[in-house]
Each structure stands twice: as C-alpha cells, then as structure tokens.
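# Overview (structure and organization)
Each chain, written out:
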Amino acid sequence: MNSTDFIVHAIENMEADRLMLETVKFDIECLTPMFTGGVDRYCDRLHETGIIGSMRWWYELIIRGLGFYACDPTSKDYQCKFDPNSKKPFDEQLCPVCRMFGTTGWRRQFNLQIKWEPNDKSYFWLKSIDRNNQWWLNKIFEFPKKGNVVDNKFAIVIRNTNNEIIQQLKYLLSIMQTCGGIGAKNQYGFGIFECNDSVSPDDSLKGIYDYLRNGKCVRHSNEKDSGWNNLEKLWWYDLAINDNNSMVKQWQNSRYYINRSKDQSAKFLLPTAFDIRYKIPPVNSPDDPILGLRASCKNRHGRNITRKYFGYVDGDHRQRSNIFVSHLYRRAEMTDYHVKAWGFSGSSHGIEVGEELKRIFEIKTPIIMNSFSLNRSEGYKVIRSEVNE
C-alpha cells in the first residue's frame, strides 16, 4: 500500500471511528509516589507528557524484544518522519512505536488525559540509615522539595480511538505494572503502580506480537539496534518483606529524613530506594560489609561497568540508569512490605542483584528472578528462576 492509498484508507477509518468514539478509563493506584516533572523539574501536578513518554519508552523496548524495529526518537539519524508525498510505503516510513505515539508528520493515534484530585499529592521525601546522606540528598534532590508528588490515585482516560489501539495500551500498561513503573525517576523508587484493568504479562506480550504480526509492522530489527534496551535484557524481582525484618526496623527507627513533613506517615511507605540502590553502611558493627546494589556491583566489576549499569553524569554527558529499584511499600495496612527491582543488564547481572537483595534483607530462602522467554516457537512467557545464594 503506497502512502496516498493509506491516507485515503485512514481518513475513511477515521470517519467510521468518529461515529463510534470510545472513552476508556484506566484507574491507576500509586503504590509509591508518582513523579512527572515539568520544564522546571518540579512535579506540581501530573503531566500527561511524562506519562506518555514513559509509555512510549516501554513500548519501544517491547517492540525490539519481539524482533521488530523501533526507531530512536531522540536521534536525527534514526528518528522516523512521515512524508505523505514520499514514494516509500507507509509501513517503511513509520515504526510501530511512531505509528502509535506519533512523530514528525504523523499524530498520535489516541488522546490521553489525566484525571486526579489536587489533594492526592504530598511533598517529596526520603529516609536513610546513613546520617551522611542527609546533607547530600538534600543537596542533590533540592528541586523536588519545592514541588509535589502524587501518592494516591489517578485515571488515564483514552479517547478518540478504536478497540485495537485500546487493547494495545491495556497490554502495555499491564507489562509496565508487572515489570517496572510509570512516570519519571523509577530508579529512585517512584512510579510503582497497579492498574484496575490488567492482564498477565504472558497474554500482554502475545497480544502485542499478534498485533504487529498481522500487518502492523513489516520491518524487523537488525544488528545496529542491539545497543538499545529491549526485553531480551530485562529481569525483575517483586519481593515480600516482613515488617519484622531487621533492615526494615533500621529504616523505621532511623532519624535521618530528607524533607519529611509532619503529616506524612510510614504506614504504607518507607522511601528507602536510595539506600537500597546505592549504599547501606554497617549498622551493627564497623566490620560488617557495606551493602547496596551499586556498591556490590562496583566491588565485583569496577567503576566502568558500574557506570554503564547505574548511569552517571559527567559534565554535559549523561548515561541513564539501566537498574531500577522501588521504595518499600504496602498494599494495605498491617501487611508485608514489598520491594521491586528491575533492570536491562542481562540475566547474569540480574542474578547478582538478587543475591545482594538477599544479603540486604537477610533472606535465607530462594527468591525468584523473572524474565521473558522470547522464543517464538515456544511461545512468549515469563521464566521464573530461583536465586539461592
């Protein structure tokens, strides 16, 4: 189908869809605070662009993991652009991600609005065991103190689309809910959520693959795409941590807060992701080892690999993190805490992260590392591997 024929076909479909407009609402419950900074980096409200940006990022890596091509929208060399006068067929001009989320010359295929109550927000805060972190964290996280984070519920409302697109967004949110988070600063514990209308990650992955296979994508990935994140490198943990856990008690009893207001409570949240991600000093004896995911990685692999996995800022050059960890959170009062960790560093490093989580929380039994099997002949499914050490 050439570009002109596709446009005519698209206009006809849009006219048909106009007569059957659908409005679908996905109710989102924030299990850890939600951060979507604006142009000044303050989270004064939920920004639709922050939600759409994180959804697009996850859709890119899912598409690549399924063996299809997704462009790099931040690169002039690899960014899709749609030209209705081009002789190139439509499907060769747009990757599935740009077709769904829009790009130069092509608008997004859905209308997204965020509905939330202004009183569902609170001020950014953290808690740490290390008193030395108090000054430093106040310094580097100065900007969120002036803004707010959403920590209750909101709704994603999708309008002006068809059922096929709605299903894709449902599958996408389901995978994000299970394997990661939404919004910004997931590496610092923000953005863990649950969606009211979700399906299993296995069914979600199959649904997205079927959509692509049935004519929505003709271009497959190749070697030059291998440096981008995709599902082949993804692993994740979701651990239940008892309230009586000794490390939990240390955090609960710690006096070192960063920007804590008087009305905030630790009933459902212990914002400890920074300690877990970076460094936990000896708490019982000076001879005890330093714990923490980054500290463990640096001890095993040295500075360069650690920077690759955990990211860094060096002047104008930034390397985003490939490792993410949640705060400790509860789904209901008087239940176990949970902590999630996920990354795009491959299963070998994922196992190392699991071993360090076991040390941090003194877990004696095996824990489960999750990843995806992307073998088409065997079907797309979640693989659950025990981590024993």
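Residues numbered from 1 in each chain as written. Predicted model: local features only at pLDDT ≥ 70, side-chain atom pairs only at ≥ 80, totals over all residues. Heavy atoms only, no water.

### Side note on the overall build of the chain
When its secondary structure is counted, the chain shows 13 helices and 17 strands. Looking at the chain as a whole, 52% of its 389 residues are labelled buried. The contacts of the chain with a sequence gap of at least 6 include a subset with a gap of at least 24, amounting to 73%. Per element, the accessible surface of the chain, about 19100 Å² overall, is 45% carbon and sulfur. (Helix = DSSP H or I, 4+ residues; strand = E, 2+ residues; numbered from the N terminus. Buried < 20%, exposed > 50% of the residue type's maximum accessible area, 1.4 Å probe, protein only. Contact = heavy atoms within 4.5 Å. Areas by Shrake-Rupley, 256 points an atom, 1.4 Å probe, with all protein chains shown as cover.)

### Description of the packing of helix 11 (residues 293–301) against helix 12 (residues 303–310)
It is the contact of helix 11 with helix 12, at a shortest axis distance of 7 Å, that shows an interaxial angle of 145°. Remark: the crossing between helix 11 and helix 12 carries right-handed chirality. Along its contact with helix 11, which presents Leu293, Arg294, Cys297, Lys298 and His301, the element helix 12 presents Arg303, Ile305, Thr306, Arg307, Tyr309 and Phe310. Residue composition of the contact of helix 11 with helix 12, by class: 5 nonpolar, 2 polar and 4 charged. (Axes fitted to C-alpha atoms, helices over the stretch in contact; angles between N-to-C directions. Left-handed = near helix turned anticlockwise from the far one by under 90°. Nonpolar A, V, L, I, M, F, W, Y, C, P; charged D, E, K, R; others polar.)

### Brief notes about the pattern of salt bridges
Applying the stated criterion across every chain, the model contains 12 salt bridges. Asp210 is the partner of Lys206 in a salt bridge, and the nearest nitrogen-oxygen pair spans 2.9 Å. Residue Lys206 and its partner Asp210 are located together in helix 8 (residues 201–216), separated by 4 residues, close to a single helical turn. Given the relative accessible area of 17%, Asp210 is considered buried. Because the salt bridges share partners, they merge into one network encompassing Arg56, Glu60 and Arg64. (Salt bridge = Lys/Arg side-chain N within 4 Å of Asp/Glu carboxyl O.)

### Structural notes on the pairing of strand 6 (residues 153–159)
With respect to burial, strand 6 is a largely interior element, 5 of its 7 residues being buried. Bridge analysis of strand 1 (residues 23–30) against strand 6 gives 7 bridges, and the strand direction is antiparallel. Residue pairing in the sheet places Phe26 in a bridge with Ile156 of strand 6. Two strands pair when backbone bridges link them, and strand 2 (residues 111–116) and strand 6 are joined in this way by 6 bridges, in the antiparallel orientation. Bridged to Ile114 within strand 6 is Ile156. (Pairing = 2+ DSSP bridges.)

### Observations regarding the packing of aromatic side chains
Considering all chains together, one arrives at 15 aromatic pairs under this definition. Pairing Trp251 with Phe361 gives two aromatic rings, centres 6.1 Å apart and planes at 50°, and the pair type is tilted. Of this pair, Trp251 sits in helix 9 (residues 246–253) while Phe361 sits in the loop between helix 13 (347–360) and strand 16 (367–373), placing them 110 residues apart in sequence. By relative accessible area, which is 1% here, Phe361 ends up buried. Looking at Arg108, its charged tip hangs above the ring of Phe110, at a distance of 5.3 Å from the centre. (Phe/Tyr/Trp six-rings, centres within 6.5 Å; stacked < 30°, edge-to-face > 60°. Lys NZ or Arg CZ within 6 Å of the ring centre and 35° of its normal.)

### Here's the deal with the confidence of the model for the chain
Caution applies to low-pLDDT regions: their predicted coordinates should not be interpreted in detail. Considering every residue of the chain, the mean pLDDT works out to 83; 80% of them sit at 70 or more. Segment residues 6–19: pLDDT under 50, and 7 contacts once partners within four positions in sequence are set aside and those in other chains are kept. (pLDDT = per-residue confidence, 0-100.)

### Brief notes about the sheet that holds strand 6
The strand order 2-6-1-7 describes an open sheet built from 4 strands, whose pairing is antiparallel. For this open sheet the edge positions go to strand 2 and strand 7 (193–195), each flanked by a neighbour on one side alone. Pairwise comparison of adjacent strand axes, ignoring direction, gives a mean angle of 25° for this sheet. As judged from the 3 bridges shared by strand 1 and strand 7, these two strands associate in the antiparallel manner.

### Describing helix 12
By the burial criterion, the buried members of helix 12 are Thr306, Arg307, Tyr309 and Phe310. One face of helix 12 carries all of its buried residues, which in axial projection span an arc of 170°. Among the structural elements, helix 10 (273–277), helix 11, strand 11 (312–314), strand 12 (317–319), strand 13 (323–325) and helix 13 are those in contact with the buried residues of helix 12. A positive backbone phi angle near 80° is found at Gly311, which sits one or two residues after helix 12. (Arc of directions from axis to C-beta.)

### A few points about unusual backbone geometry
One non-glycine residue, Lys185, lies in positive phi territory at about 60°. Topologically, Lys185 is positioned in the loop between helix 7 (163–179) and strand 7. Phi angles above zero are rare outside glycine, and Glu362 is one such case at about 50°. Here Glu362 lies in the loop between helix 13 and strand 16.

### A short note on the environment of Trp228
Considering the arrangement of structural elements, one finds Trp228 in the loop between helix 8 and strand 8 (235–241). Residues in contact with Trp228, not counting those within four places in the same chain, are Arg64, Tyr69, Ala70, Cys71, Asp72, Tyr78 and Lys233.

### A few points about the nonpolar core
Ranked by internal contacts, the top residues of the largest apolar core, which has 69 residues, are Trp58, Phe154 and Ile156. Elements with a contribution of two residues or more to this core: strand 1, helix 2 (48–65), helix 4 (96–101), strand 2, strand 6, helix 7, strand 7 and helix 8. With residues up to four places along the chain from it excluded, the contact list for Trp58 reads Leu172, Ile175, Met176, Cys179, Gly180, Gly181, Leu234, Trp342 and Phe344. Within the second largest apolar cluster, 31 residues are counted, among which are Ile241, Met247, Val325 and Ile363. (Core = buried A, V, L, I, M, F, W, Y, C linked by side-chain atoms within 4.5 Å.)

### A closer look at the side chain of Thr306
Here Thr306 lies in helix 12. Once residues within four sequence positions are removed from consideration, Thr306 is found in contact with Arg294, Cys297, Lys298 and Gly311.

### Observations regarding the side chain of Lys127
Within the fold, Lys127 resides in strand 4 (residues 126–128). Put simply, Lys127 is tucked away with no salt bridge, and the nearest opposite charge, on Asp275, sits 9.9 Å away. For Lys127, the side chain forms a polar contact with the main-chain oxygen of Trp251, separated by 2.8 Å. In this view, Lys127 contacts Trp251, Gln252, Asn253, Ser254, Tyr256, Tyr257, Leu270, Pro271, Thr272 and Asp275; residues no more than four positions away in its chain are not counted. (Lys, Arg positive; Asp, Glu negative; His and termini not counted. Polar contact = N/O pair within 3.5 Å; in protein donor to acceptor, adjacent residues only side chain to side chain.)

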